Amino acid sequence: MWGTREVDITFRPATEADADAVRAVLDAQPSDEQVGLAGGDSLRARRFRAIAMSGLWAPAGLRRITVAVSDGKVVGFVQSGTEEAAAITPRLAWEVLRVFGFPGIIGFLRRDRLRGRVTIPAPPNTYHIAEIHVAEHSRGLGAGGALMDEAERMARAAGARQMSLTTTTSNPARRLYERHGFRVMESRTDPGFERVTGVAGRILMVKDLG
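As the structure is a computational prediction, the values presented were derived from the model and not from experiment.

Enquirer: I'd love a proper account of helix α6 (residues 143-157), names of residues and values included.
Expert: With 15 residues, α6 ought to run about 21 Å at 1.5 Å a step, and its terminal C-alpha atoms sit 21 Å apart, in line with that. The buried fraction of α6 is high, at eleven of 15 residues. Those residues of α6 that fall on the buried side of the exposure criterion are A143, G144, G145, A146, L147, M148, E150, A151, E152, M154 and A155. G159 occupies a position one or two residues after α6 and carries a positive phi of about 80°.

Enquirer: Run through the sheet that holds strand β1 (residues 10-13), naming residues and quoting values.
Expert: Spatial ordering of the open sheet is given by β1-β2-β3-β4-β5-β7-β6, a layout of seven strands whose pairing is mixed. Looking at which strands have only one partner, the edges of the open sheet turn out to be β1 and β6 (183-189). Adjacent strand axes in the sheet meet at a mean angle of 25° when their direction is disregarded. Direction of pairing for strand β4 (residues 127-134) relative to strand β5 (residues 162-168): parallel, over a ladder of two bridges. Paired with Y127 across the strands is M163, a residue of β5. Most of the contacts of α6 go to β4, to which it runs at about 160°, and overall it touches β1, β2 (65-70), β3 (73-80), β4, β5 and β7 (201-208).

Enquirer: Go over unusual backbone geometry with me, naming the residues and quoting the values.
Expert: One can expect most non-glycine residues to show negative phi and most peptide bonds to be in trans. In the Ramachandran plot, D71 falls in the positive-phi region, its phi being about 55° despite a non-glycine side chain. By the secondary structure assignment, D71 is in the loop between β2 and β3.

Enquirer: Before we move on, could you go through the packing of aromatic side chains and cite the residues and values that matter?
Expert: Per the counting criterion, the structure on display carries three aromatic pairs. Summarising the aromatic geometry, the rings of F100 and F108 are spaced 4.5 Å apart at their centres and angled 20° between planes, so their arrangement reads as stacked. When sorted by exposure, F100 lands in the same class as F108, which is buried. Three or more aromatic residues link up through ring pairs in this structure, and these residues are F48, F100 and F108.

Enquirer: Run through the nonpolar core, naming residues and quoting values.
Expert: Grouped together as the largest cluster of nonpolar side chains are 24 residues, with contacts concentrated most on I129, M148, M163, Y177 and F182. Residue contributions to this core peak at seven residues, all from α6. Once you skip the residues sitting within four places of it in the chain, M163 turns out to touch T126, Y127, I129, A151, E152, A155, F182, M205, V206, K207 and L209. L62, V69, F77 and A135 belong to the second largest nonpolar core, which has 15 residues in total.

Enquirer: Hey, could you go over the pairing of β7 for me, with residue numbers and the actual values?
Expert: Most of β7 sits inside the fold, with seven of its eight residues counted as buried. Here seven bridges tie β5 to β7, and the two strands are oriented antiparallel to one another. Bridge assignment links M163 to a residue of β7, and that residue is K207. Judged from the six bridges that link them, β6 and β7 form a sheet pairing that is antiparallel. The residue bridging R183 from the neighbouring strand is V206, located in β7.

Thresholds applied
Residues numbered from 1 in each chain as written. Predicted model: local features only at pLDDT ≥ 70, side-chain atom pairs only at ≥ 80, totals over all residues. Heavy atoms only, no water. Helix = DSSP H or I, 4+ residues; strand = E, 2+ residues; numbered from the N terminus. Expected span 1.5 Å × (residues − 1). Buried < 20%, exposed > 50% of the residue type's maximum accessible area, 1.4 Å probe, protein only. Pairing = 2+ DSSP bridges. Axes fitted to C-alpha atoms, helices over the stretch in contact; angles between N-to-C directions. Contact = heavy atoms within 4.5 Å. Phe/Tyr/Trp six-rings, centres within 6.5 Å; stacked < 30°, edge-to-face > 60°. Core = buried A, V, L, I, M, F, W, Y, C linked by side-chain atoms within 4.5 Å.

Listed below in structure tokens is the structure:
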């Protein structure tokens, strides 16, 4: 039992057939950080996020994903490994241009550079959680905690001595990570980033596995 309701969650490696389900898990309101980087436009933030995270449901991305399944449906997933930005291709550049338009792309690039000031790379030789998400309709049922437990199981099976993840300073999920033994190892803030996003910055959290 996780959370306040009894749920039955199993885990398995993602397959290409899970691409639409992984995409659906992300189909929720964008974060404050994402809206700020999109100039305060939540629709543009959602469209850009879909482009930027399209690698998740590409074959290479799916190979690093473990899905959480309840009642035959994917209710969340965790992806391990390096947090990789989408490769800049002519098609990607065109899609980004379509989202922001010619006048807006300059402002977006300026805001994106501000995010670079608070980006923290994962420490070497850690089992890094690149992405962890729970479907909006399944939040509060313990799926997030179950995914964290599964990630730790996989990390230990891989022989890792430490786990890591990065998130924003304002992410409510930070409490979940702390309950699972993660501690803040580094924090980076920037006034410019906070001005456009309302978020002070980002943090690196680690957990020693012993």
